[in-house]
Amino acid sequence: MSSRISGAAYSIITRSQSYRNRQDGLIKHMIRKITIDQLRQGMFVHDLDCGWLDQTFLWTAFAVTNEITLQRVKALGIKELYIDTEQGLDVASAPSQQEAEAALDERLDTISASSTARPRLSSVSEESATAKGIRTLATSIIQGLMDDIRLGRSLEFERANPVVEEMTASIFRNQDALLGLQRIRHADHYTFEHSVNVSVLMLAFAKSLNLSAPVIKELGLGALLHDIGKTLVPNDILNKPGPLTEHEFTVMQRHVSDGVALLSRSHGFPHAALSIVAEHHERTDGSGYPHGKTGAEISLFGKMASIVDVYDAITTDRVYHRGMEPSEALRKLLSWSNHHFDPKLVQQFIRCVGIYPVGTLVRLASGRIAVVVESSRDGLLRPVVRVCFDPDRQRELTLEDLDLADPHIGTDERILRAVRTSDVPIDIAAVMSAKL
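Quick look at the structure, then. No experiment lies behind these values; they were computed from the predicted model shown. (Residues numbered from 1 in each chain as written. Predicted model: local features only at pLDDT ≥ 70, side-chain atom pairs only at ≥ 80, totals over all residues. Heavy atoms only, no water.)

### A few points about the overall build of the protein chain
What counts is decided by this rule: Strands are runs of DSSP state E lasting at least two residues, helices are runs of H or I lasting at least four, and both sets are numbered from the N terminus onward. The globule rule is 2.2 Å times the number of residues to the power 0.38, and the radius of gyration it is compared with is taken over C-alpha atoms. Here's how the labels work: a residue is buried when its accessible area is under 20% of the maximum for its type, exposed when over 50%, partly exposed in between, all with a 1.4 Å probe on protein chains only. Residues count as neighbours in contact if any of their non-hydrogen atoms are within 4.5 Å of one another. Computed with the Shrake-Rupley method and a 1.4 Å probe, the accessible areas treat only the protein chains shown as cover for residues. Two residue types count as positive, namely Lys and Arg, and two as negative, namely Asp and Glu; His and chain ends fall outside the count. Where a charge lies is defined by one atom per residue type, namely NZ (Lys), CZ (Arg), CG (Asp) and CD (Glu).
The helix and strand tally for the protein chain stands at 13 helices and 11 strands. Over its C-alpha trace the protein chain gives a radius of gyration of 22 Å, about what one expects of a compact globule, namely 22 Å for 436 residues. Projected onto the principal axes, the alpha-carbon positions of the protein chain cover approximately 60 × 55 × 35 Å. Taking all 436 residues of the protein chain together, the buried fraction comes to 53%. Counting contacts in the protein chain only where the partners sit at least 6 residues apart, residues at least 24 apart contribute 70% of the total. Just so you have it, the protein chain exposes about 19,300 Å², and 51% of that area is on carbon and sulfur atoms. Charge-centre separation for the protein chain: the mean point of 48 positive side chains lies 1 Å from the mean point of 55 negative side chains.

Here is the structure:
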């Protein structure tokens with residue numbers, strides 16, 4: 001059964017206005033996290049919590065009013081979701097949203113405590129210009145390769161090898177320069193930029209696992225071409241600004257087998273790279289596609305690819321949804337690793353990019369807003385940040401870099417929490433690229 005709500009189901013799952021009891025001017029709203037087996041008619045779904053699925057929904061909050069709706073939700077392959085107990089039936093034994101988030105915080109603390117220092121051969125400022133040129137070149141190359149396929153030309157994947165070499169070298173000098181550029185997005189270039197982003201993330205991930213240099217480069221190549229099969233997906237489906245029908249989703253799923261077929265015909269394409277193309281939509285619980293592989297059936301490289309592919313997808317603004325902040329996306333991956341992703345690999349990925357990845361907007365203990373510009377040399381909670389905004393006075397500040405791991409800064413100045421970019425009127429890309 002396809003793990004998707006079909007177009008017809010949207011006439012069944014109707015959006016409801018969220019009702020909140022107000023007491024003393026404050027919103028009281030009991031949200032609980034339940035398992036899919038606990039879902040019953042009469043409940044109100046607050047959030048399907050299924051961003052790991054390669055699909056979109058018009059609604060994520062709705063009443064489960066009949067058996068058809070219940071079975072449609074169960075067919076998605078999700079294992080956990082959130083219900084609103086003030087609009088529907090309760091599960092008293094289920095943890096509240098706050099309790100679930102507190103448990104995630106404890107897991108993140110453990111991951112942070114087990115991180116190690118990351119050596120750098122150059123500073124972000126030294127690597128920045130080179131990284132920008134490499135990213136521009138990589139985007140141009142993947143666009144050219146995809147255009148060749150659309151025009152019926154043969155796929156010359158070897159054209160990507162030199163830029164993968166350059167990306168790998170940049171990652172080894174200082175990965176934060178290339179990773180920081182992932183915050184710069186262009187909606188009309190999503191497919192190309194997503195391919196480049198996944199390649200950069202895969203290179204950094206593979207490096208953090210101490211894989212050999214030849215294997216790391218092969219994985220970077222496979223990640224750059226992981227969506228090459230989408231060149232054969234009709235544009236009206238590939239660029240549809242909304243949910244796909246059951247048939248359209250089936251067509252979209254074919255990009256995996258199409259990509260494998262295209263690259264299998266290319267003499268000399270590395271096996272490790274091909275596993276990324278073949279398995280980046282598989283999930284450890286068998287809910288993925290195209291083959292519904294589980295656990296050990298999925299290669300190490302396929303498991304890695306599924307993590308970085310979802311991370312980049314859910315942090316990107318699309319026509320039909322706003323991307324998550326990087327730190328929020330990492331929390332989601334950690335939660336979903338209970339079922340859909342390899343838990344140890346997700347934890348290592350978080351160590352790789354940091355609790356607050358480069359480009360994350362954060363609020364400091366002083367109240368000021370800053371952007372993370374470089375990961376920490378000492379744990380994951382004390383990166384280098386660029387102070388840029390005073391939210392109390394609603395004004396921009398003179399840009400200033402603070403290394404929160406520097407003992408001279410003192411222990412009082414620290415990160416309190418991540419901040420949504422929509423809440424602060426600043427241009428993160430401009431702040432990150434500014435010359436101090």
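Next comes the rest of the description.
### Structural notes on the pattern of salt bridges
What counts here: Any Lys or Arg side-chain nitrogen located within 4 Å of an Asp or Glu carboxyl oxygen qualifies as a salt bridge.
Considering all chains together, one arrives at 20 salt bridges under this definition. The shortest N-O distance in the salt bridge between glutamate 127 and arginine 173 comes to 2.8 Å. Residue glutamate 127 is found in helix H3 (residues 124-150), and its partner arginine 173 is found in helix H4 (residues 161-180); the two are separated by 46 residues along the sequence. Residue class for glutamate 127 comes out buried when judged on its relative accessible area of 3%. Assessed through its relative accessible area of 28%, arginine 173 is described here as partly exposed.

### A few points about the pairing of strand E9 (residues 384-390)
Put simply, the test is: Here, strands pair whenever DSSP counts at least two bridges between them.
Counting buried residues along E9, 7 of its 7 residues qualify, which places the element largely inside the surrounding structure. Direction of pairing for strand E8 (residues 369-374) relative to E9: antiparallel, over a ladder of 5 bridges. Bridge assignment links valine 372 to a residue of E9, and that residue is valine 385. With 6 bridges joining them, E9 and strand E10 (residues 395-403) adopt antiparallel strand pairing. Within E10, the position partnered with valine 385 by the bridge is leucine 402. Between E9 and E10, which pair antiparallel in sequence order, lie 4 residues; one of them, glutamine 394, sits at a positive phi of approximately 50°.

### As for the environment of glutamine 175
The cut-off we apply is this: In protein, a polar contact means a hydrogen-donor-capable atom and an acceptor-capable atom, both N or O and within 3.5 Å, with residues adjacent in sequence counting only if both atoms are side-chain atoms; elsewhere, any N or O pair within 3.5 Å suffices.
Structurally, glutamine 175 is set in helix H4. Apart from the residues lying within four places of it in its own chain, the contact partners of glutamine 175 are Arg118, Ser170, Ala204, Lys207 and Cys352. A polar atom in the side chain of glutamine 175 sits 3.0 Å from the backbone oxygen of cysteine 352.

### Describing the sheet that holds strand E4 (residues 44-47)
Across the sheet, which stays open at both edges, the 4 strands sit in the order E3-E6-E4-E5 with antiparallel pairing between neighbours. The strands lining the two open edges of the sheet, one partner per strand, are strand E3 (31-35) and strand E5 (62-63). Pairing between E4 and E5: 2 bridges, direction antiparallel. Bridging from a neighbouring strand, phenylalanine 44 pairs with alanine 63 of E5.

### Details of the pairing of E4
Bridge analysis of E4 against strand E6 (residues 80-84) gives 2 bridges, and the strand direction is antiparallel. Bridge pairing links aspartate 47 to tyrosine 82 in E6.

### Some thoughts on H4
So the rule is basically this: Expected span, for any helix, means 1.5 Å times one less than how many residues it has. Consider a residue and the seven residues that end there alongside the seven that start there; fitting an axis to each set, the bend is the angle between those axes.
Helix length check: H4, at 20 residues, gives a terminal C-alpha distance of 22 Å against a target of 28 Å (1.5 Å per residue), a shortfall beyond 12%. Asparagine 174 marks the point of greatest bend in H4, at about 120°.

### Digging into the environment of serine 123
Relative to the elements of secondary structure, serine 123 occurs in the loop between helix H2 (97-113) and H3. At 3.0 Å, the side chain of serine 123 forms a polar contact with the side chain of serine 125.

### Here we look at the nonpolar core
Worth spelling out the cut-off: In plain words, nonpolar cores are sets of buried Ala, Val, Leu, Ile, Met, Phe, Trp, Tyr and Cys residues tied together by side-chain atoms within 4.5 Å.
With 100 residues, the main nonpolar core has Leu39, Ile78, Leu333 and Phe349 as its most contacted residues. Among the nonpolar cores identified, the runner-up in size contains 12 residues, and Leu361, Ile369, Val424 and Val431 belong to it.

### Focus: the packing of helix H6 (residues 213-224) against helix H9 (residues 271-279)
Here is the rule: As a rule, the C-alpha atoms of each element are fitted with a line to give its axis, helices using only the stretch in contact, and angles between N-to-C directions run from 0 to 180 degrees. Throughout, a crossing is termed right-handed when the near helix is turned clockwise from the far one, and left-handed when it is turned anticlockwise from it by less than a right angle. Throughout, the ten residues Ala, Val, Leu, Ile, Met, Phe, Trp, Tyr, Cys and Pro are labelled nonpolar, Asp, Glu, Lys and Arg are labelled charged, and all others, Gly among them, are labelled polar.
Direction vectors running N to C along H6 and H9 enclose 35°, while the axes themselves pass 8 Å from each other. Remark: the crossing between H6 and H9 carries right-handed chirality. Contacts between H6 and H9 involve Glu218, Leu219, Gly222 and Ala223 on the former and, on the latter, Ala272, Ala273, Ile276 and Val277. In terms of residue class, the contact of H6 with H9 is built from 6 nonpolar, 1 polar and 1 charged.

### Examining the sheet that holds E8
Across the sheet, which stays open at both edges, the 5 strands sit in the order E10-E9-E8-E7-E11 with antiparallel pairing between neighbours. Two strands close off the open sheet at either side, each with one partner strand: E10 and strand E11 (415-418). Neighbouring strand axes in the sheet, compared pairwise and without regard to direction, differ in orientation by 35° on average.

### Thoughts on the side chain of serine 275
Mapped onto the fold, serine 275 is located in helix H9. Leaving out residues up to four positions away in the same chain, serine 275 has contacts with Ser299, Phe301 and Gly302.

### Concerning the side chain of aspartate 309
Mapped onto the secondary structure, aspartate 309 falls in helix H10 (residues 300-314). With near-sequence residues (within four places) excluded, aspartate 309 lies in contact with His194, Val198, His226, His280 and His281.

### Concerning the packing of H4 against helix H5 (residues 190-208)
This is how it is decided: For this classification, under 35 degrees means roughly parallel, over 145 means roughly antiparallel, 65 to 115 means roughly perpendicular, and everything else is oblique.
At a closest axis distance of 10 Å, the pairing of H4 and H5 adopts a crossing angle of 110°. It follows that H4 is roughly perpendicular to H5 by the angle criterion. When H4 is examined against H5, the residues Met167, Thr168, Ile171, Phe172, Gln175, Leu178 and Leu179 are found in contact with a partner set consisting of Ser199, Val200, Leu201, Leu203, Ala204 and Lys207.

These values are about where atoms sit, not about what they do.
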